[in-house]
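# Examination of the molecular architecture
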Amino acid sequence: MSVVLGQAGLMEALSHEMTPKFLATRSADGIPNVVPCTSLMPAGEGAPQDRLILGNFLLRKSVANLDSDPRVGILVVTTDLEGWVLQGDFVEWQRAGPYVDRLNNTDLLRYNAYTGIRNAGVIEVTSAVFAFRLSKLRVLVDYVLARAARGSVQRESQREKATAMPQVVQEKFTPMTAVRVLAHLDGAGYPLVAPVLSLQPAGDRALVCAPGPAAGLLSAIAPGAPVAANLLTLDIVSFQAKGRWLGTRQLLGSPVGGMSVEAVYAGGPPIPGRRVA
């Protein structure tokens with residue numbers, strides 16, 4: 001049975017160009033990387049139902065990772081805060097053919113100010129790990145819980161080798177309106193992406209979250225394990241923070257967790273992937 005078709009609403013969400021989608025990859029030495037990948041979409045009529053394609057566009061680090069390790073994680077979330085966490089395997093790049101044509105004919109790439117895609121990537125989805133629907137009240141509660149945990153996470157991060165986030169990055173991570181995700185490697189070495197809409201600064205060298213319904217996706221992360229967080233704002237600004245997981249704890253009966261920040265990268269033009277801290 002198809003993994004994608006087995007999840008009600010997922011095929012439709014993947015087919016919409018403006019649905020926020022995130023792609024997580026891993027480096028050869030096991031460091032996760034997670035970025036927005038709006039071009040990710042079903043391969044189309046006649047293709048296997050669990051095949052997705054993506055355009056090689058503003059994805060320099062992701063491309064390098066895919067070339068060294070095929071394991072991927074994917075998160076799809078609609079504007080109604082319904083979402084899916086997927087895993088799969090990267091298969092190949094195609095420089096020409098129907099997949100390249102399909103991607104270049106999308107509004108996203110046809111009218112961009114830079115260039116068309118260099119090639120099309122092919123991913124086979126192998127599992128749907130988690131499906132979720134978040135209410136606005138749930139988002140608010142988790143945000144307030146994370147805010148209450150900022151002090152303890154900030155103090156813990158001071159014992160780590162952490163990097164200060166630029167002020168603009170802290171400001172973008174602060175409002176509730178941005179989509180935020182956190183990626184790590186699961187026990188099989190696959191990237192796993194969790195929705196963490198409550199993720200916010202805890203001082204200038206750490207991020208804290210209350211994962212709410214997604215807590216199970218983070219429970220197995222060992223303290224000190226490498227993690228990567230990304231946010232996508234309503235005005236299409238993205239930053240990625242990489243660092244180390246500080247662990248989870250209970251606050252008012254709910255889990256909260258944090259990460260120390262070791263590096264920050266810009267997610268968009270003019271130099272996508274440029275390190276800014």
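Coordinates for the structure precede this section.
Below is a summary of the structure that appears in this document. Quick caveat: nothing in here was measured; it's all calculated off a predicted structure.

### Side note on the overall build of the protein
A tally of regular secondary structure across the protein gives 8 helices and 14 strands. The C-alpha atoms of the protein give 18 Å as radius of gyration, which agrees with the globular expectation for 277 residues (19 Å, within 12%). Taking the principal axes of the C-alpha coordinates as reference, the protein spans close to 55 × 40 × 35 Å. Counted over contacts in the protein with a minimum sequence separation of 6, partners at least 24 positions apart contribute 66%.

### Points about the pattern of salt bridges
Tallying each qualifying case throughout the model produces 9 salt bridges. The salt bridge partner of Arg51 is Glu124, with a shortest N-O separation of 2.6 Å. Placement of Arg51 in strand 4 (residues 51-55) and of Glu124 in strand 7 (residues 120-133) is noted, with a sequence separation of 73 residues between them. Residue Arg51 is classed as partly exposed on the basis of its relative accessible area, which comes to 22%.

### Considerations on the sheet that holds strand 13 (residues 238-251)
The strand order 9-8-12-13-14-11-10 describes an open sheet built from 7 strands, whose pairing is antiparallel. What marks the edges here is a single partner per strand, and that holds for strand 9 (191-195) and strand 10 (200-201). On the sheet, helix 6 (residues 150-157) packs against strand 10, strand 11 (206-209), strand 13 and strand 14 (254-266) and is oriented at approximately 110° with respect to strand 13.

### Here we look at the sheet that holds strand 2 (residues 32-36)
Taking strand neighbours across the sheet as the criterion, the 7 strands line up as 2-1-5-6-7-4-3 in an open arrangement whose pairing is antiparallel. With one partner strand each, in any of the chains shown, strand 2 and strand 3 (41-42) form the two edges of the open sheet. Bridging between strand 1 (residues 21-26) and strand 2 involves 5 bridges; their strand directions are antiparallel. Looking at the pairing, Ala24 lines up with Val34 of strand 2. Along the sheet face, helix 2 (residues 60-68) touches strand 1, strand 2, strand 5 (71-77) and strand 6 (82-94) and points at about 50° away from the line of strand 1.

Calculation criteria
- Residues numbered from 1 in each chain as written.
- Predicted model: local features only at pLDDT ≥ 70, side-chain atom pairs only at ≥ 80, totals over all residues.
- Heavy atoms only, no water.
- Helix = DSSP H or I, 4+ residues; strand = E, 2+ residues; numbered from the N terminus.
- Rg over C-alpha atoms; globule rule 2.2 N^0.38 Å.
- Contact = heavy atoms within 4.5 Å.
- Salt bridge = Lys/Arg side-chain N within 4 Å of Asp/Glu carboxyl O.
- Buried < 20%, exposed > 50% of the residue type's maximum accessible area, 1.4 Å probe, protein only.
- Pairing = 2+ DSSP bridges.
- Axes fitted to C-alpha atoms, helices over the stretch in contact; angles between N-to-C directions.

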